[in-house]
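# Fold and geometry: a report
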Amino acid sequence: MREHKIVLLPGDGIGPEITYVAKELLVKLSQVNGFQLIFEEHIIGGAAIDETGSPLPINTLEACKNSDAILMAAIGSPKHDNLPREKRPETGLLALREGLNLFANIRPVKIWKSLIESSTLKEEVVKDVDLIVVRELTSGIYFGKPKGRIETDKSTRAFNTMSYSDQEIDQIAKVAFELAKNRKKKICSIDKANVLDVSQLWRERVDLMARKNKDIIVSHMYVDNAAMQLVRNPSQFDVILTGNLFGDILSDEAAMLTGSIGMLPSASLSTQGPGLFEPVHGSAPDIAGLDKANPMAMVLSAAMMLRIGLKETKAADQLEEAVNKVLNAGLRTADLMSKPFTELGCRDIGKELLKAI
Ligand code: IPM
Ligand code: MG
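Read on for an overview of the structure.

Parameters at a glance
Residues numbered from 1 in each chain as written. Chains lettered and ligands numbered in written order. Predicted model: local features only at pLDDT ≥ 70, side-chain atom pairs only at ≥ 80, totals over all residues. Heavy atoms only, no water. Phe/Tyr/Trp six-rings, centres within 6.5 Å; stacked < 30°, edge-to-face > 60°. Lys NZ or Arg CZ within 6 Å of the ring centre and 35° of its normal. Axes fitted to C-alpha atoms, helices over the stretch in contact; angles between N-to-C directions. Helix = DSSP H or I, 4+ residues; strand = E, 2+ residues; numbered from the N terminus. Parallel < 35°, antiparallel > 145°, perpendicular 65-115°, else oblique. Contact = heavy atoms within 4.5 Å. Nonpolar A, V, L, I, M, F, W, Y, C, P; charged D, E, K, R; others polar. Expected span 1.5 Å × (residues − 1). Buried < 20%, exposed > 50% of the residue type's maximum accessible area, 1.4 Å probe, protein only. Pairing = 2+ DSSP bridges. Polar contact = N/O pair within 3.5 Å; in protein donor to acceptor, adjacent residues only side chain to side chain. Arc of directions from axis to C-beta. Near = heavy atom within 4 Å. Areas by Shrake-Rupley, 256 points an atom, 1.4 Å probe, with all protein chains shown as cover.

## Observations concerning the packing of aromatic side chains
- The full count for this structure, using the stated rule, is one aromatic pair.
- Across the ring face of tyrosine 142, the terminal group of arginine 135 is positioned such that the distance to the ring centre comes to 5.3 Å.
- The residue whose ring lies beneath arginine 332 is phenylalanine 341, and the NZ or CZ to ring-centre distance is 3.9 Å.

Here it is as structure tokens:
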């Protein structure tokens, strides 16, 4: 029997509730499709700080390295917000990305027909949206050196460095070109080349790759314009290729096109080794433990894990189809509720998804 080793990282806030739902579904899918999943659960983020003092304990990192795929829920809690940087939950996630060399972050944004009315934008603007953000994840200003703080008698200055090497740009661009080949063959690379040197190099390298891949239509856009175009006419985009910081900002904006960030999955991949699959949303501490969380992004992240990480395509299709069925049946968590629909809690949505498989 095919066997896959999965590390589950429930993390903080609503993390444990949505992990529970995803795990039950994964178990059922493995039974239906005749493969075996071996789960290991580990701590990360605030939960790990409370237990060990570190947001990414060495045991967690080691277990992740030895797995076939990692399914993470969310990290972050107000309780830890004022701790020094090395003890913040987010630092654990950044260390995990760095430790596993997860340089390619992939965030697909597709409209669910049944949810079109929950978008804050007009139906005609969002109805054809089907884009994918390819964000560089282990370099750029998030990791650039030098960085720090200089304190003098007179003033305090803090700084970070946005830097990319040609190899780093090539590596992430290659991922975008590969993805584009199986889609509409369109890449829009987003930078700030009218101002930043780092963006000028970014543009040169993307252009170089474009010349070697004539079947792909490559365009460039400044990030400020891209932020505007994403709400003006989002269906012009197919594959968006961009750096770490711009990708962070634009992927949240793109996520909202669908009406709820509670629907958006993501994958973070390296050239070899396990990928990390996680919802785009955060830990929503305000509703943690209240059975109100939307587990769909987590469930769709599990589907991405099945498809990309474990090559269990049939199970991935079944899981996405189950999400579709539940939405079409008018069942919604609170974040997606409007008049004619039936509101269910996180657990009950999980039960409905199980029935739909
Ligand atoms: C994301 C998040 C993270 C990021 C935070 C939690 C460090 O916003 O995955 O987009 O900035 O990359
Ligand atoms: Mg973000």
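## Section: the packing of helix H8 (residues 223-232) against helix H9 (residues 244-256)
- For the pair H8 and H9, interaxial distance at closest approach is 10 Å and the crossing angle is 10°. Between H8 and H9, the crossing angle belongs to the class labelled roughly parallel. Taken together, the residues of H9 that come into contact with H8 (itself represented by Val223, Ala226, Ala227, Leu230 and Val231) are Phe246, Leu250, Glu253 and Ala254.
- Of the residues contributing to the contact of H8 with H9, the split by class is eight nonpolar, no polar and one charged.

## Points about helix H10 (residues 296-309)
- The first and last C-alpha atoms of H10 sit 19 Å apart over 14 residues, in line with the 20 Å expected at 1.5 Å per residue.
- In terms of residue burial, H10 counts as a mostly covered element, since 11 of its 14 residues are buried.
- Following H10 by one or two positions, lysine 311 has its phi on the positive side, about 55°.

## Here we look at the pairing of strand S4 (residues 104-110)
- With five of its seven residues buried, S4 lies for the most part within the structure.
- With seven bridges joining them, S4 and strand S5 (residues 130-136) adopt antiparallel strand pairing. Considered in S5, the bridge of isoleucine 106 is made with valine 134.
- Two elements, S4 and strand S11 (residues 265-269), share three bridges in a ladder whose sense is antiparallel. When the sheet's bridge partners are listed, alanine 104 is paired in S11 with leucine 269.

## Regarding the side chain of histidine 42
- For histidine 42, the location among the structural elements is in the loop between strand S2 (35-41) and helix H2 (46-52).
- A distance of 2.6 Å separates the side chain of histidine 42 from the side chain of glutamate 40, its partner in a polar contact.
- The contacts of histidine 42, once residues within four sequence positions are left out, are Val7, Leu8, Leu9, Pro10, Asn59, Thr60 and Ala63.

## Here we look at helix H11 (residues 313-328)
- An ideal rise of 1.5 Å per residue puts 22 Å on 16 residues; H11 measures up with 22 Å between its terminal C-alpha atoms.
- Among the residues of H11, Ala315, Ala316, Leu319, Ala322, Val323, Val326 and Leu327 are the ones counted as buried. Take H11 and look down its axis: the buried residues cluster within an arc of 130°, on one side only. Residues of H11 that are exposed and point more than 90 degrees away from the buried face comprise Lys314 and Asn328.
- Buried residues along H11 sit against helix H1 (15-33), S2, H10, strand S13 (331-332) and helix H12 (346-355).
- Trailing H11 by a residue or two, glycine 330 shows a phi angle of about 80°, which is positive.

## Description of the site of ligand 1
- All residues adjacent to ligand 1 are Glu90, Arg97, Arg107, Arg135, Tyr142 and Asp248.
- Taking aspartate 248, its side chain carries an N or O atom lying 2.9 Å from an oxygen atom of ligand 1.
- Within the complex, 76% of the 320 Å² of free accessible area of ligand 1 lies under protein.

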